Amino acid sequence: MTGQAMGSERSRYSSVAIGFHWIIGLLVILNIALVFIAEDMEGASRGQIMTAHKAIGISVLFLSLGRLFWRLGHRPPPLPGAIPAWQRALARANHILFYVLMIGIPLSGWMWMSAGLKRDERPISFFGLFDVPFLPVPRGEASGAFLSGAHETMGLAMIALILLHVAGVVKHHLVDRDPILRRMTPG
Ligand code: HEM
Ligand code: HEM
């Protein structure tokens, strides 16, 4: 890894970046799938799935903060020279927005639950290990409605961004046949 982290000829992300990418990426996709699964359910099973959604979301928040701090101190490998400027700009904007959403979505979910009038009856359990403390946000219908709207809007933006991101990677891999995917795969 030290060798990868140094040298201007480096063409792949480091193992740390790859680890963060795939762990957070899979957890985000799983968390989106869980709300859609819970949509058609009722009662206790729905409650269990939403409890998992919240705990996974809190994990994504702290992993993403760790990833952001790590990323600020480590430059990504340069893109292959053949990639046009507009695609570089799109990828960069896409990546910045990913970081905003990876932090903004779980934070808004946590704030939303903290604003709830019934929050004391419904603690956020972290996989049964401990209860996550509530954040100091104004409690009440108005702030709850604002935060749930923010959570939903950012959640939809995340779905759109993942589709755009994956479509870009698939195009590079299958149509342009360049090594973009290999930049983010281990081994
Ligand atoms: C099957 C799904 C996915 C594939 C195949 C994939 C693939 C890739 C690849 C190949 C790169 C490197 C692009 C480059 O060279 O600049 C990348 C970067 C990135 N991906 Fe994904 N990705 C996937 C899902 C996700 C998801 C779900 C997220 C967000 C939660 C995500 C967030 C990012 C970010 C933020 C970067 C930029 C890394 C950085 O510079 O810090 N990806 N992805
Ligand atoms: C990776 C982080 C997260 C992602 C990607 C995510 C995504 C989503 C999405 C897409 C929805 C559906 C929005 C809608 O159409 O109404 C949703 C709903 C919800 N989320 Fe999250 N969320 C995350 C983290 C959290 C956290 C940390 C909490 C609370 C601590 C939370 C609480 C909720 C609740 C209560 C709902 C409403 C479900 C319902 O009853 O319809 N989420 N989330």
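So, here's what we can say about the structure. (Residues numbered from 1 in each chain as written. Chains lettered and ligands numbered in written order. Predicted model: local features only at pLDDT ≥ 70, side-chain atom pairs only at ≥ 80, totals over all residues. Heavy atoms only, no water.)

**Observations concerning the environment of W22**
Mapping W22 onto the fold places it in helix α2 (residues 15-39). Sequence-wise, W22 and M184 are 162 residues apart; in three dimensions their C-alpha atoms are separated by 8.7 Å. (Helix = DSSP H or I, 4+ residues; strand = E, 2+ residues; numbered from the N terminus.)

**Some remarks on the site of ligand 2**
Neighbouring residues of ligand 2: 19 residues in total, closest R46, H53, I105, W112 and H151. For ligand 2, an oxygen atom lies 2.5 Å from a polar atom in the side chain of R46. H151 places a polar side-chain atom, nitrogen or oxygen, 2.8 Å from a nitrogen atom of ligand 2. Elements with a minimum of two residues in the shell around ligand 2: α2, α3 (43-72), α4 (85-115) and α5 (141-176). At 7 residues, α3 tops the list of elements feeding residues into the shell around ligand 2. Here the residues of the shell around ligand 2 sort into 11 nonpolar, 5 polar and 3 charged. (Near = heavy atom within 4 Å. Polar contact = N/O pair within 3.5 Å; in protein donor to acceptor, adjacent residues only side chain to side chain. Nonpolar A, V, L, I, M, F, W, Y, C, P; charged D, E, K, R; others polar.)

Everything listed here is a matter of coordinates, which is why it stays silent on function.
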